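Architecture and fold: a report
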Amino acid sequence: NIDNDRLARYTYEVTSFDGDRQGGTASSEGIVFGSAIEAPFSYSFDCEDEIEFFRVVDSNEDNRTWTFIPDSKCMGYSWNPSGYADDWFITPPLRLKAGFIYTLRYLMSSENESFIETHEVRLGTSATPGDMTQVITESTDVCTKSSNDWMSFEKRVTVSEDGIYYIGFHAV
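The paragraphs below set out a description of the structure included in this document. (Residues numbered from 1 in each chain as written. Predicted model: local features only at pLDDT ≥ 70, side-chain atom pairs only at ≥ 80, totals over all residues. Heavy atoms only, no water.)

Brief notes about the nonpolar core
Among the nonpolar cores identified, the biggest contains 29 residues, and W66, F89, L104, L123, I167 and F169 are the most heavily contacted of them. Elements supplying a minimum of two residues to this core: strand 7 (66-69), strand 8 (74-77), strand 10 (94-96), strand 11 (102-108), strand 12 (117-124), strand 13 (132-142), strand 14 (151-157) and strand 15 (163-171). In contact with L123, not counting residues within four places along its chain, are L96, D131, M132, T133, Q134, I136, V157, T158, V159, Y165, Y166 and I167. Residues W88, I90, M132 and Y166 belong to the second largest nonpolar core, which totals six residues. (Core = buried A, V, L, I, M, F, W, Y, C linked by side-chain atoms within 4.5 Å. Buried < 20%, exposed > 50% of the residue type's maximum accessible area, 1.4 Å probe, protein only. Helix = DSSP H or I, 4+ residues; strand = E, 2+ residues; numbered from the N terminus. Contact = heavy atoms within 4.5 Å.)

This is how it looks when you write it as structure tokens:
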């Protein structure tokens with residue numbers, strides 16, 4: 001059963017049977033459904049379970065994208081040496097209200113000073129890259145001495161009307 005009042009991730013599995021023989025099982029991509037998260041909210045990324053309501057989009061389909069890094073308790077982008085990134089890490093649905101000023105705080109790092117990472121952060125009305133139309137952070141380079149050295153960002157976010165929104169972290 002689907003509970004509209006509780007945010008949850010739903011998947012489906014299909015297994016083929018022919019008499020006593022069982023075939024392989026295919027799983028659907030997870031779909032997040034239910035009530036949006038109310039502000040204030042935060043994520044510590046202490047464990048991989050915390051990202052189950054987030055969406056990862058490998059827009060350039062290079063199989064190099066955002067992944068959970070347990071030792072650092074963060075999400076990381078797997079660098080592609082043959083091209084530019086175009087990958088998104090998108091929040092669960094967030095209920096935001098017009099007239100409020102929200103503060104977005106996040107940390108970023110690079111592997112080391114030789115690997116400059118570029119990111120932008122956008123706000124949209126759905127969990128798809130094409131709907132990420134409001135810029136929160138312009139395209140910004142991140143260069144740190146190590147992956148344990150963090151740059152801190154703090155941005156103000158407003159919306160023009162009450163609704164459900166998503167924040168997308170875009171590796172570019």
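Right, picking up where we left off after that structure.
Focus on the packing of aromatic side chains
A complete count under the given rule lists ten aromatic pairs for this structure. The interplanar angle of 35° and the centroid separation of 5.9 Å between the aromatic rings of W66 and F89 together place this pair among those described as tilted. One end of the pair, W66, is in strand 7; the other, F89, is in strand 9 (residues 87-90), and 23 residues separate them in sequence. Neither residue differs from the other here; W66 and F89 are each classed as buried. Ring geometry for F100 and Y102: centres 6.1 Å apart, planes at 25°, overall stacked. According to the relative accessible area criterion, F100 is partly exposed, its value standing at 45%. With a relative accessible area of 16%, Y102 lands in the buried category. Chaining the aromatic ring pairs together yields one cluster made of Y43, F45, F54, W66, Y77 and F89. (Phe/Tyr/Trp six-rings, centres within 6.5 Å; stacked < 30°, edge-to-face > 60°.)

Section: the pattern of salt bridges
Applying the stated criterion to the full structure yields six salt bridges. Where E38 meets R95, a salt bridge forms, and the shortest distance between an N and an O atom there is 2.9 Å. Taken together, the residues span a long stretch of sequence, with E38 in strand 5 (residues 37-38) and R95 in strand 10 at a distance of 57 residues. R105 is the partner of E154 in a salt bridge, and the nearest nitrogen-oxygen pair spans 2.9 Å. Here the residue E154 occupies a position in strand 14, and R105 occupies one in strand 11, the gap between them amounting to 49 residues. (Salt bridge = Lys/Arg side-chain N within 4 Å of Asp/Glu carboxyl O.)

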